[in-house]
Amino acid sequence: QSYENRDIYTITMTSSSGPADKPTLYFSALIHAREPSGNSVLIDYAQWLADEYGSDTMATFILDNAEVHFLPIANPDGYAENMPGGGMHRKNMNYSDPVPSSGIDLNRNWPYKWGYDDGGSSPDPYDETYRGSAPASEAETQVQMDYIDDIAPIAAMNYHSHGGYLLYPWGYNNTPTPDQTTFEGWASQMTQYNGYEYGRAGQILYLVNGEQNDYCYSDTAGSPSVIAMTPEIGNGGFWGGQSDTTLIEEFCEDCRYMNIMICMNALSMVGIEGAESYTIEPSLFLGSVHPNPVPAGAMQFGVTAPVGQPVRLELYDMAGRRAANLGSVEGSGNPMSVFRAVPSDLPSGVYMLVAEGAGQVRQQRVTVLR
């Protein structure tokens, strides 16, 4: 519950298919009370997963292979204070702190690098970036910390508005993390359609300490290490055009692809898509696909089969329907690299590469991105 004892709700989505122990993915919004467009985007994505499960291959793959957790309103007291007139209160409603204040900026209250300097957060109780009197002093911060530590997500999207950015750690200073190439590669792909500018907060906006992404990414204080990003939604102002349904739909569409792609990338990272090769004796071996996800163009994979043994190669969608015939290769008794063009009419989605020969069938998951 919040400082004023309001419930803080979460939504968990998965399917009954797939592994028993699934990795988790985390989405949060409205840590700042005047930024409700993130709430709209989260509910839109949850609705998309529910509506498209069983028909869209990526929605099906995500729910079959992960638990997706949503916390749509992280600051319910401040949000209630702002309604119904679209007020501009940013912080929570703890005005006593224990000193008089105008509330605490919940995105400066996380314990990792809390109070690192007075530029990335403020010691002044009446500043918009006031960090509170102690790290993790606020009930709302503690709720999210406990939840994140409990579910141990592998990736997270912590939504804000506005500006059209995609930010990633470090926030407390302008230095790259050890996973800079992962953050940069994912962000480049995730923003290819909405044109959001991506980078560290210090590169694009300003430094911020005691913030959610840095806590999620750090592996201190018992927290999991999470590939965590912050989208700053569009350019509709802090209230994100919440009286304009056309603008709401535009923002939801802009962010839906980012949400899908962070899930797909994170699940690839933990090896669910067959990132590691495995040998099956005695006769047929199918290696992992590279690159995976596969862009428009060609993919490469390894095949080992007995000398002279033909191996038929096909792609199937996740409903078991043949999507493409990739021809065949003849075994040489040794490992060989196989290159195949991705059919130009094959839509984005999750597929199964199937190799059949020597009386055996082997398969690898493949994600195709257009």
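Residues numbered from 1 in each chain as written. Predicted model: local features only at pLDDT ≥ 70, side-chain atom pairs only at ≥ 80, totals over all residues. Heavy atoms only, no water.

Chemist: Would you mind showing me how to read the sheet that holds strand β15 (residues 360-368) here?
Modeler: Pairing is antiparallel in the open sheet, where 4 strands are placed in the order β12-β11-β14-β15. Every interior strand has two partners, whereas the edge strands, β12 (322-330) and β15, have only one. The average angle at which neighbouring strand axes cross in this sheet is 20°, direction not considered. With 6 bridges connecting them, strand β11 (residues 310-317) and β12 associate as antiparallel partners. Within β12, the position partnered with Glu-314 by the bridge is Asn-325. The strands touched by helix α2 (residues 57-65) are β11, β14 (349-357) and β15; relative to β14, the strand with the most contacts, the crossing angle is about 85°. (Pairing = 2+ DSSP bridges. Helix = DSSP H or I, 4+ residues; strand = E, 2+ residues; numbered from the N terminus. Axes fitted to C-alpha atoms, helices over the stretch in contact; angles between N-to-C directions. Contact = heavy atoms within 4.5 Å.)

Chemist: It is not clear to me how the pattern of salt bridges should be interpreted in this structure. Could you clarify?
Modeler: For side chains bearing opposite charge, pairing can occur when the charged atoms are close. Going through the model one piece at a time under the given rule, you end up with 10 salt bridges. Each of the salt bridges in this network shares a partner with another, and the network as a whole consists of Arg-312, Glu-314, Arg-322 and Glu-356. (Salt bridge = Lys/Arg side-chain N within 4 Å of Asp/Glu carboxyl O.)

Chemist: Is there a simple way to think about the packing of aromatic side chains in this case?
Modeler: Per the stated rule, a full pass over the model turns up 14 aromatic pairs. Taking 6.0 Å as the distance between ring centres and 15° as the angle between the ring planes, the aromatic pair formed by Tyr-45 and Trp-48 counts as stacked. With Tyr-45 and Trp-48 both in helix α1 (residues 37-52), this residue pair falls 3 residues apart, about one helical turn. Judged by its relative accessible area of 14%, Trp-48 is buried. Over the ring of Trp-114 we find Arg-131, and its NZ or CZ is 5.5 Å from the ring centre. (Phe/Tyr/Trp six-rings, centres within 6.5 Å; stacked < 30°, edge-to-face > 60°. Buried < 20%, exposed > 50% of the residue type's maximum accessible area, 1.4 Å probe, protein only. Lys NZ or Arg CZ within 6 Å of the ring centre and 35° of its normal.)

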